[in-house]
Amino acid sequence: MINIPYNQAPKSWEIAPLEVIANFNSGITWKKSQELDKNEDSSFPVIRVGNVQDYLETDDLLYLLGITDEAFEKNKASKGSTIYVGSNGSQTRIGNAIY
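Residues numbered from 1 in each chain as written. Predicted model: local features only at pLDDT ≥ 70, side-chain atom pairs only at ≥ 80, totals over all residues. Heavy atoms only, no water.

Draft legend 1. Quick peek at the overall build of the protein chain. Regarding its fold elements, the protein chain presents two helices and five strands. When the helices and strands of the protein chain are placed in sequence order, the string is α-β-β-β-α-β-β. Dimensions of the protein chain along its principal axes, counting C-alpha atoms only, are 50 × 30 × 20 Å. In the protein chain, which comprises 99 residues, the proportion classed as buried is 18%. Taken as a whole, the protein chain presents about 8300 Å² of accessible surface, with 50% of it coming from carbon and sulfur. Charged side chains in the protein chain number 9 positive and 13 negative. The centres of these two groups are separated by 4 Å. (Helix = DSSP H or I, 4+ residues; strand = E, 2+ residues; numbered from the N terminus. Buried < 20%, exposed > 50% of the residue type's maximum accessible area, 1.4 Å probe, protein only. Areas by Shrake-Rupley, 256 points an atom, 1.4 Å probe, with all protein chains shown as cover. Lys, Arg positive; Asp, Glu negative; His and termini not counted. Charge placed at Lys NZ, Arg CZ, Asp CG, Glu CD.)

Structure (structure tokens):
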């Protein structure tokens, strides 16, 4: 990553607030009773803080029941998504990201 102060950016770069060029989403909340250890019909996978390593760890995904299609569409990660840890019980994990 290159750290360039905004006032030293090349003239060809457009400077804009992040919320103008990116969508931010904090995910969903759920109850323990919605959790499954394996994929079942009508369940959706969830990326948790522990899945965000130097790569996306998908061997231990959690699956949730009772998530609407609309909530899934709004919160799903897609190719090109950046996933970052915005809050957690461990300060050392905040800011971890995968691209």
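Draft legend 2. Representation of the nonpolar core within the structure. In this structure, F44, V46, L62, L64 and I67 together form the largest nonpolar core, which totals five residues. Once residues lying within four places of it in the same chain are set aside, the contact partners of L62 are W30, E35, L36, F44, P45, V46 and R48. (Core = buried A, V, L, I, M, F, W, Y, C linked by side-chain atoms within 4.5 Å. Contact = heavy atoms within 4.5 Å.)

Draft legend 3. Spotlight on the pattern of salt bridges. As enumerated under the stated definition, the model contains three salt bridges in all. Here E35 ties to K32 by a salt bridge, and the two come within 3.2 Å at their closest N and O atoms. The partly exposed category is assigned to E35, whose relative accessible area is 26%. Under the relative-accessibility criterion, K32 is labelled exposed at 67%. Here R48 makes a salt bridge to D60, at a shortest N to O gap of 4.0 Å. (Salt bridge = Lys/Arg side-chain N within 4 Å of Asp/Glu carboxyl O.)

Draft legend 4. A nonpolar patch on the surface, seen in detail. On the surface, a nonpolar cluster with roughly 560 Å² of combined accessible area is contributed by L18, V20, I21, F24 and Y84. With three residues, the top contributor of residues to the nonpolar patch is helix α1 (residues 18–21). In this structure, V20 sits in helix α1. Using a relative accessible area of 59% as the deciding quantity, one classes V20 as exposed. (Patch = residues over 30% accessible without salt bridge, like charges linked within 9 Å, V, L, I, M, F, W, Y side chains within 5 Å.)

Draft legend 5. Spatial organisation of the side chain of E57. As for its placement among the helices and strands, E57 is situated in the loop between β2 (44–46) and β3 (62–64). Summary of buried charges: E57 has no salt-bridge partner, and the nearest side chain of opposite charge, R48, is 9.1 Å away. Only 2.8 Å separates the side chain of E57 from the backbone nitrogen of D59, close enough to count as a polar contact. The residues touching E57, leaving out its near neighbours within four places in the chain, are G50 and N51. (Polar contact = N/O pair within 3.5 Å; in protein donor to acceptor, adjacent residues only side chain to side chain.)

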